[in-house]
Amino acid sequence: MDELTDFFQRVVAILSPAQAFVAVMCFVLGIALVIMGIRLFLITAEERAHAHHRRHGFWQASAYVVFGLLIISLDLTLSAWIASLFGADNTTASAASEIMAYAPEMLAPVQGAPGEAILIALVRVAQFIGLLAVVRGLFLCVKSADMPAQGLMGKGFIHMIAGVMAVDLPRTVGLFENLFFA
Amino acid sequence: MHRRLIPLHSRPRALGLAAVLFLVGGLAVPASAQTFGDIFTDMRTSQLGPAADILGTISFVLGIVFGIMAVYAMIRRSRHSNENSVEAGRIIMLSIAAACMIAIPTFLNVGVASIFGTGADQSSVDGQLRSLN
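Residues numbered from 1 in each chain as written. Chains lettered and ligands numbered in written order. Predicted model: local features only at pLDDT ≥ 70, side-chain atom pairs only at ≥ 80, totals over all residues. Heavy atoms only, no water.

J.: Give a detailed account of unusual backbone geometry, specifying residues and quantitative values.
T.: Residue and element names in this part refer to chain A. Not every positive phi belongs to a glycine, and A149 is a case in point at roughly 60°. In this structure, A149 sits in the loop between α5 (113–146) and α6 (152–167). You can call A149 exposed: its relative accessible area is 84%. (Helix = DSSP H or I, 4+ residues; strand = E, 2+ residues; numbered from the N terminus. Buried < 20%, exposed > 50% of the residue type's maximum accessible area, 1.4 Å probe, protein only.)

In structure tokens:
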């Protein structure tokens, strides 16, 4: 059991640099998106001026710029989502180790040394997957500007909402604790 | 009657050897990465930071090109006042795009501040994602 716990601890040790990598990747890709958005504004204006067949719209350019900015400042986007879902006082996601405090009754069976450690590691992994879901949701929203009328914007928002609930998994579990046991 | 066949391989090859430039980032890493976490950290610090710098430089150069195009369009419009080939909207959009692309860091800062407020922390390449522990 100790080796399993150690394995989960090693997995958790990877997640911090991986998370920073995702944030920086989003920063770089966001800059590229904003530059593409500015260029799309130019292309759209030229198409309007020449009355060509209009393949681009100002909506598309605006979506590139706005969602590019949201992707650049990924931590602020997450903070805004968490504040929107869980109240304005909560701007940062709760730590994975706080899950026992949020749902003590529901998680009573895993109390103890190895169970808690593995649970916290799993929560940490779920938080990372939630972060990836938020990023995917943002990129789906960008894609929705290119391919309209396919429901991509709604899909992107669902990814973001579910991702934020996974990022703040202790509070989400706390909601279910209050629902079932309060 | 014989047709003369021109052998295809006799065509002069105009292009010589192209110089291939490999962009190898300055990998200030130990001989091999020990964990996956090391790989992520190395990618973040030694690859993606310069990538952001290159993007900023490309944007700056594009901005200068757009600015030159704007001035050129102004000159063309002033010369051919009867001709309707250069619209005023094109000149305006070129100028705005040039300004935004030359000042891309400021544009990004202003954009983020517009969405999240001026008191918001500006993220950077080397910064950690602070919203998660």
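Let us keep going from here.
J.: Let's hear about helix α1 (residues 36–79) of chain B: which residues, and what values?
T.: Between the first and last C-alpha of α1(B) there are 62 Å, a value that for 44 residues agrees with the 64 Å anticipated at 1.5 Å per step. The largest bend in α1(B) amounts to roughly 35° and is located at B:L48, with the proline B:P50 lying one to four residues further along. Inspection of α1(B) places B:G37, B:R44, B:S46, B:L48, B:G49, B:A52, B:L55, B:S59, B:G63, B:F66, B:A70 and B:A73 among the buried residues, and these make up the whole buried set. Considering only its buried residues, α1(B) is in contact with α1 (2–50) of chain A together with α2 (88–102) and α3 (104–116) of chain B. (Expected span 1.5 Å × (residues − 1). Bend = angle between axes of the 7 residues up to and from the residue. Contact = heavy atoms within 4.5 Å.)

J.: Describe the side chain of A:Q60, with residues and values.
T.: Residues and elements named next belong to chain A. As for its placement among the helices and strands, Q60 is situated in helix α2 (residues 58–72). Taking relative accessible area as the criterion, Q60 reaches 11% and is therefore assigned buried. Not counting residues up to four positions away in its chain, the partners in contact with Q60 are L40, R55, A145 and D146.

J.: Outline the interface of chain B and chain A, listing residues and values.
T.: Contacts between the two partners involve 38 residues from chain B, matched on the other side by 43 residues from chain A. Inspection of the chain B/chain A interface yields one salt bridge. Here A:E46 and B:R90 are joined by a salt bridge, their closest N and O atoms 2.0 Å apart. Applying the counting rule to chain B against chain A returns one residue pair in polar contact (both at pLDDT 80 or more). At the level of secondary structure, the elements contributing two or more residues to the side of chain B that touches chain A comprise α1, α2 and α3 of chain B. In terms of residue class, the side of chain B that touches chain A is made up of 23 nonpolar, 10 polar and five charged. (Salt bridge = Lys/Arg side-chain N within 4 Å of Asp/Glu carboxyl O. Polar contact = N/O pair within 3.5 Å; in protein donor to acceptor, adjacent residues only side chain to side chain. Nonpolar A, V, L, I, M, F, W, Y, C, P; charged D, E, K, R; others polar.)

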